[in-house]
Amino acid sequence: MTREALAPVYASLAQTGALLGLGLLLASIMGGLRARRTVVPIRRLQQGAEKLGQGLSASQSGLVC
């Protein structure tokens, strides 16, 4: 087969690769944002628990029940 005959196949492969790369990039960004939204409240609870362990009351530590 000649290169001209395979040109549409190469174009399709290039387009598929570009879309796959874009999808992976977007998935990575969204995963990072989701992880941050999960970790931040957990860290706040950890800091509050440390303050309670040091003897501060819940109102002094900023924890709200």
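One structure accompanies this document, and this report is about it.

The rules behind each value
- Residues numbered from 1 in each chain as written.
- Predicted model: local features only at pLDDT ≥ 70, side-chain atom pairs only at ≥ 80, totals over all residues.
- Heavy atoms only, no water.
- Helix = DSSP H or I, 4+ residues; strand = E, 2+ residues; numbered from the N terminus.
- Buried < 20%, exposed > 50% of the residue type's maximum accessible area, 1.4 Å probe, protein only.
- Areas by Shrake-Rupley, 256 points an atom, 1.4 Å probe, with all protein chains shown as cover.
- Patch = residues over 30% accessible without salt bridge, like charges linked within 9 Å, V, L, I, M, F, W, Y side chains within 5 Å.
- Salt bridge = Lys/Arg side-chain N within 4 Å of Asp/Glu carboxyl O.
- Expected span 1.5 Å × (residues − 1).
- Bend = angle between axes of the 7 residues up to and from the residue.

1. Examining the overall build of the protein
Piece 1. Within the protein one finds two helices and zero strands.
Piece 2. Relative to its 65 residues, the protein shows a buried fraction of 3%.
Piece 3. With the model as given, the accessible surface of the protein reaches about 5,800 Å², and the carbon-plus-sulfur share is 65%.

2. So, a nonpolar patch on the surface
Piece 1. Among the surface-exposed residues, L19, L22, L25, L26, I29, M30 and L33 lie close enough to one another that they form a single nonpolar patch of about 700 Å² accessible area.
Piece 2. Relative to the helices and strands, L25 resides in helix α1 (residues 3-53).

3. Some details on α1
Piece 1. The first and last C-alpha atoms of α1 sit 72 Å apart over 51 residues, in line with the 75 Å expected at 1.5 Å per residue.
Piece 2. Taking the largest bend as the criterion, α1 deviates by roughly 30 degrees, centred on V9.
Piece 3. Looking one or two residues beyond α1, the residue adopting positive phi is G55, at roughly 100 degrees.

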